[in-house]
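Spelled out from the first residue to the last, the chains are:
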Amino acid sequence: MSAWRINKGMTGKGFEVYCIVFFSLIIFSGCSIKETTKNAADTGDLRERVNAYWQYKVKEDFMKSYEYEVPYYRKNVSMVNYIKGINTDVGKYISATPGEIKPQGDSALVEVKLRVRVTLPQMRSEEYNVIITEKWVKSDGMWYHVPEIVDQRSVD
């Protein structure tokens, strides 16, 4: 007994409609699979970019992290001013791990789990776990960081 049976009484327009619906489902499910695969690859690319960006910041290689900033930001802020704006006297990134990614077309919100060391004058330094949410945008096929913290909350 075959799993594929065609009703012998189904002829003419009924059979044509059945075939059209059947093959449409096959075609559209293939498109859905292809789109899902593309989105997963895109999210993987973004996760790699986020991780690389933050590893440069942890290593204090700000010339490299600057390259990950969105192009319109780099047009308006020189690398020298970018580096001057980073205050490593008070805080230092100890570690960074990309978390949840919420894609929104050619942009995404990305949670990053940070371990930071804060040292204030005349006080001992302390380390904190922090989760930030930042925006990334895709430009010319490449993901870039948008230098604006969307959400920040402590998890300690």
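Structure: above.
For clarity, every value in this text was computed on a predicted model and none was experimentally measured.

(A) Structural detail: the pattern of salt bridges. A full pass over the atoms with the stated rule returns 4 salt bridges. Salt-bridge contacts for E127 lead to R117; the nearest nitrogen and oxygen are separated by 2.8 Å. Here E127 is found in strand 3 (residues 126-139), whereas its partner R117 is found in strand 2 (residues 107-118), with 10 residues between them in sequence. With a relative accessible area of 30%, E127 lands in the partly exposed category. With a closest N to O distance of 3.8 Å, R124 and E126 form a salt bridge. Connected via shared salt-bridge partners are R115, R117 and E127.

(B) Quick peek at the pairing of strand 1 (residues 91-103). Note: strand 1 against strand 2, 10 bridges, orientation antiparallel. Looking at the pairing, Y93 lines up with V116 of strand 2. Between strand 1 and strand 2, which pair antiparallel one after the other, the connecting turn spans 3 residues, and G105 there sits at a positive phi close to 75 degrees.

(C) Spotlight on a nonpolar patch on the surface. Taken together, V90, L120 and M123 make up a surface patch of nonpolar side chains, about 260 Å² in accessible area. Relative to the helices and strands, V90 is located in the loop between helix 4 (79-84) and strand 1.

(D) Seen up close, the nonpolar core. In this structure, L46, V50, W54, V110, V112, L114 and W136 are the most contacted members of the largest nonpolar core, which totals 20 residues. When sequence neighbours within four positions are dropped, the list of residues in contact with W54 reads Y93, A96, V112, L114, I132 and E134.

(E) Quick look at the packing of aromatic side chains. Summed over the entire model, instances satisfying the criterion amount to 7 aromatic pairs. Taking 6.3 Å as the distance between ring centres and 55 degrees as the angle between the ring planes, the aromatic pair formed by Y53 and Y68 counts as tilted. Of this pair, Y53 sits in helix 1 (residues 13-58) while Y68 is found in the loop between helix 2 (62-66) and helix 3 (71-76), placing the two residues 15 residues apart along the sequence. With relative accessibility at 1%, the residue Y53 sits in the buried group. For the ring pair Y73 and Y82, a centre distance of 6.3 Å and an interplane angle of 80 degrees mean the geometry is edge-to-face. You can call Y82 buried: its relative accessible area is 5%. The residue whose ring lies beneath R49 is Y144, and the NZ or CZ to ring-centre distance is 5.3 Å. Against the face of W54 rests K57, its NZ or CZ located 5.3 Å from the ring centre.

Definitions and cut-offs
- Residues numbered from 1 in each chain as written.
- Predicted model: local features only at pLDDT ≥ 70, side-chain atom pairs only at ≥ 80, totals over all residues.
- Heavy atoms only, no water.
- Salt bridge = Lys/Arg side-chain N within 4 Å of Asp/Glu carboxyl O.
- Helix = DSSP H or I, 4+ residues; strand = E, 2+ residues; numbered from the N terminus.
- Buried < 20%, exposed > 50% of the residue type's maximum accessible area, 1.4 Å probe, protein only.
- Pairing = 2+ DSSP bridges.
- Patch = residues over 30% accessible without salt bridge, like charges linked within 9 Å, V, L, I, M, F, W, Y side chains within 5 Å.
- Areas by Shrake-Rupley, 256 points an atom, 1.4 Å probe, with all protein chains shown as cover.
- Core = buried A, V, L, I, M, F, W, Y, C linked by side-chain atoms within 4.5 Å.
- Contact = heavy atoms within 4.5 Å.
- Phe/Tyr/Trp six-rings, centres within 6.5 Å; stacked < 30°, edge-to-face > 60°.
- Lys NZ or Arg CZ within 6 Å of the ring centre and 35° of its normal.

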